[in-house]
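Here are the chains, one letter per residue:
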Amino acid sequence: MSRHEHLERSIPSTSADPKAEVTLTVNGVSVTREVSTRMLLSDFIRHGLRLTGTHVGCEHGVCGACTVMIDGRAARSCLTFAVQADGADIRTIESEAEEDGTLSALQQAFQECHGLQCGYCTPGMIMNIRAHFDSGEELDLSDEGIRELISGNLCRCTGYANIVKAVRRAAELAGKA
Amino acid sequence: MKPPLFDYLVARSSEEAVKLLSEYPGAMILAGGQSLIPAMNFRLAAPAALIDINRISDLRRIDIVDGNVRVGAAVRHRDLEQNDAAFAANPLLRAALYHVAHVPIRNRGTTVGSLCHADAAAEMPMVLLLTGGWVTAEGPSGQRDIPAEEFFEFHMTTSREADEMIVSATFPGLPTGAGHAFAEFARRKGDYAIAAVGAIVERGADGVISSARIAACGISSRPVRLSEVEAALVDTKLSDDDIHRAGELAKQSVTAPDDAHATTAYRQHLLASLTRRVVRQAAGIMKES
């Protein structure tokens, strides 16, 4: 077998659009769906489940807008296939606020500190920070530590200064500072 | 920006994954997917089938074997970074992993996957080469070990055969008392290195360097050992002149042409200053032997 055979354009064998059934927990609710194997988790969340709070920016893992929590850890939903999430526990931005609309401490901090302008990057920011807050790992609330934490999330509006403030404020509100 | 169609196959053991590789020509192994899935989203890769190895628990193990760190093919970067036994055996792993993309990428991306992807600017292939490590390939006729020197052939090209899967990588532990350092320059934190250098230095009680291993990435078509620099450092006492000379010698290892990120001359400048920095750091943190 040639080492480079996989580089040649090839087509799947089983059907025109291979599908698989997945069962996963999203924001505490168990869902079962049939998905195309090639469906990205980001598209499954947005189009399959209509949870459009998760945003899609670059679709190649650079911008961080699509960040969700997979089994407690922040991850790019555009770099994960929905079929890979079979059995996983997914948490999206929709899990942050209470049902009556009361914002979570993290969301309140972003609002208070003006940590967003257009808001496109905010769901990814929040889920990344949420995963870090909930991990039990030590928080480094220096400017440098916070910038390191959010380094995988691009924001084109704010210049980050108010996001850094918001993370620190959120840690205070959550009793972690 | 949507991936092309593919058959999705879940392997329950490495034997099954290898069998599926032979049965499905054009199949690729799916580990963390943090390089493969973007390549598919861009349609740069279009495998007919993906063999998902994430559910093979044997491949999620980090073992310390004879003082060496053996990392299974499904081990996430982040798990290796946070593993204290791996850090104790080889602290360079944590030092280098800090520079690999961002935490959300390291949460899913695998170290062995990064080795197999073999980007010439990636950190972990360089660390495997620097530490004298190897990968273990499993094919239809069994397993073989491939030393890092023979594994990385070119940018994104390895000596893995198409019917083989890399089941683990082994990073040797650092020699007792050896000093180590890792330094990288990238335009933004988490980007691939424009240049990065790692060093392992041993020094005798008389202050004379008894051994030096230096390797770099981002400067050539694959990770490279800086053999001339190593040879020039051994038997010296690391005077300022010795360290200056090491940096000058490092420049000749740059073969990357001018590209969008840097000119060759700029990479030579970076490599020289990073080499001087890691040599100083590795010597400075060295324990008395």
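Provided above is the structure to which this section pertains.
Heads up: these notes are all about the structure in this document. (Residues numbered from 1 in each chain as written. Chains lettered and ligands numbered in written order. Predicted model: local features only at pLDDT ≥ 70, side-chain atom pairs only at ≥ 80, totals over all residues. Heavy atoms only, no water.)

**Focus on the nonpolar core**
Ranked by size, the top nonpolar core spans 90 residues in total, and within it Phe81(A), Ile90(A), Val69(B), Leu80(B), Leu115(B), Met124(B) and Phe171(B) carry the most contacts. The element contributing the most residues to this core is helix α8 (residues 123-130) of chain B, with 6 residues. When near neighbours in sequence (up to four residues on either side) are disregarded, Ile90(A) contacts Leu24(A), Thr25(A), Val26(A), Asn27(A), Leu41(A), Ile45(A), Val68(A), Met69(A), Ile70(A) and Ala85(A). Ranked by size, the runner-up nonpolar core spans 31 residues in total, among them Ala216(B), Val229(B), Ala282(B) and Ala283(B). (Core = buried A, V, L, I, M, F, W, Y, C linked by side-chain atoms within 4.5 Å. Buried < 20%, exposed > 50% of the residue type's maximum accessible area, 1.4 Å probe, protein only. Helix = DSSP H or I, 4+ residues; strand = E, 2+ residues; numbered from the N terminus. Contact = heavy atoms within 4.5 Å.)

**As for the side chain of Ser168(B)**
Residue and element names in this part refer to chain B. Counting through the fold element by element, serine 168 comes out in strand β10 (residues 165-171). A relative accessible area of 8% places serine 168 in the buried class. Not counting residues up to four positions away in its chain, the partners in contact with serine 168 are Arg70, Val71, Gly72, Ala73, Val112, Val135 and Thr136.

**As for the side chain of Thr80(A)**
Relative to the assigned elements, Thr80(A) resides in the loop between β4 (73-76) and β5 (89-91). Owing to a relative accessible area of 1%, Thr80(A) belongs among the buried residues under this scheme. Those residues in contact with Thr80(A) that sit more than four places away from it in its chain are Leu40(A), Leu41(A), Ile70(A), Ile37(B) and Arg108(B).

**Here's the deal with the pairing of strand β2 (residues 27-30) of chain B**
With 4 bridges connecting them, β2(B) and strand β3 (residues 49-52) of chain B associate as parallel partners. Looking across to β3(B), one finds that Ala27(B) is bridged to Ala49(B). (Pairing = 2+ DSSP bridges.)

**Looking at a nonpolar patch on the surface**
Residue and element names in this part refer to chain B. On the surface, Met1, Phe42 and Leu44 cluster together into a nonpolar patch covering about 320 Å² of accessible area. Take phenylalanine 42: it is sitting in the loop between α2 (36-41) and β3. The class of phenylalanine 42 is partly exposed, set by a relative accessible area of 40%. (Patch = residues over 30% accessible without salt bridge, like charges linked within 9 Å, V, L, I, M, F, W, Y side chains within 5 Å. Areas by Shrake-Rupley, 256 points an atom, 1.4 Å probe, with all protein chains shown as cover. Salt bridge = Lys/Arg side-chain N within 4 Å of Asp/Glu carboxyl O.)

**Re the sheet that holds β10(B)**
The pairing of strands in a sheet comes from backbone hydrogen bonds and takes either a parallel or an antiparallel form. All names here are of chain B. With antiparallel pairing, the 5 strands of this open sheet are ordered in space as β4-β5-β10-β6-β7. In the strand order of this sheet, the two ends are held by β4 (62-65) and β7 (142-147), each with one partner. Strand-to-strand twist of the sheet, defined as the mean angle between neighbouring strand axes without regard to direction, takes the value 25°. Across the sheet, helix α1 (residues 14-23) is in contact with β6 (134-139) and β10; its angle to β10 comes to roughly 130°. Its contacts with the sheet put α8 on β6 and β10, and the angle it makes with β10 is roughly 60°. (Axes fitted to C-alpha atoms, helices over the stretch in contact; angles between N-to-C directions.)

**Description of the interface of chain B and chain A**
In this complex, chain B contributes 50 residues to the contact, which on the side of chain A involves 41 residues. Across the chain B to chain A interface the summed buried area is about 3,800 Å²; carbon plus sulfur atoms make up 53%. On the chain B side of the interface with chain A, the three residues burying the most area are Leu5(B), Pro104(B) and Arg108(B), jointly 16% of the side's total. Summed over the shared surface of chain B and chain A, the number is 5 salt bridges. On inspection of chain B and its partner chain A, the count reaches 16 residue pairs in polar contact (both at pLDDT 80 or more). Taken together, the elements giving at least two residues each to the side of chain B that touches chain A come down to β1 (7-10), α1, β2, α2, β3, α3 (77-81), α6 (103-106) and β9 (157-158) of chain B. (Buried area = accessible area lost by both parts, 1.4 Å probe. Polar contact = N/O pair within 3.5 Å; in protein donor to acceptor, adjacent residues only side chain to side chain.)

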